[in-house]
Amino acid sequence: MALFKITVKNPMFRNGIRLEKGMSVQVVMISAAHYPLHYKNGEAIVDAFQRIWAVDLRKANAVNSAILEVVKL
């Protein structure tokens, strides 16, 4: 199992969704080979941000490495 920390790099406001720099979540992946942004189109990240921050990353079109920083812990 692998633990990843996903953090918003820069503040943004898109499609009515506000993301602030530093907003972060932690996601557990079954295998270290599964990169959370690419595994199932970032479903685990989207779910975590919805649960913790009540924001929809898909609606903001923010499930990509230009906006999110992924660090393996």
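## Considering the nonpolar core
Here's step 1: Counting residues in each nonpolar core, the largest one holds 23 residues, and the members touching the most others are I6, L19, I45, F49, L57 and L68.
Here's step 2: Of all the secondary structure elements, the ones that give two or more residues to this core are β1 (2–8), β3 (17–19), β4 (24–29), α1 (43–53) and β5 (68–72).
Here's step 3: In this structure L19 touches V8, N10, P11, M12, V55, L57, A62 and I67, once residues within four positions along its chain are discounted.

## Examining the environment of E20
Here's step 1: One can find E20 in the loop between β3 and β4.
Here's step 2: For the pair E20 and K9, spaced 11 residues apart in sequence, the C-alpha separation works out to 8.3 Å.
Here's step 3: Once residues lying within four places of it in the same chain are set aside, the contact partners of E20 are V8 and P11.

## Some words on the sheet that holds β5
Here's step 1: Spatial strand order, β4-β1-β5: three strands in an open sheet with antiparallel pairing. The open sheet has two edge strands, β4 and β5, and neither has a second partner. Geometrically, the sheet is characterised by an average inter-axis angle of 25° between neighbouring strands, direction not taken into account.
Here's step 2: Across the sheet, α1 lies against β1, β4 and β5, angled at about 135° from β4, the strand it touches most.

Thresholds, definitions, all that
What you see as residue numbers is a count from 1 along each chain, following the sequence as written. The model is predicted, so local features are restricted to residues of pLDDT at least 70 and side-chain atom pairs to those at 80 or more, both for listing and for counting; the totals for chains, interfaces and linings are taken over all residues. As a convention, hydrogens and water are excluded, and side-chain values are obtained from all of the structure's heavy atoms. The term nonpolar core refers to a set of buried residues drawn from Ala, Val, Leu, Ile, Met, Phe, Trp, Tyr and Cys, joined through side-chain atoms within 4.5 Å. We call a residue buried when its accessible area falls under 20% of the maximum for its residue type, exposed when it is over 50%, and partly exposed in between, using a 1.4 Å probe and counting protein chains only. For the purposes of this entry, the term helix denotes a DSSP run of H or I that reaches at least four residues, the term strand denotes a run of E that reaches at least two, and both are numbered from the N terminus. For this analysis, residues touch if any pair of their heavy atoms sits within 4.5 Å. Pairing between strands requires that DSSP locate at least two bridges from one strand to the other. As a rule, the C-alpha atoms of each element are fitted with a line to give its axis, helices using only the stretch in contact, and angles between N-to-C directions run from 0 to 180 degrees.

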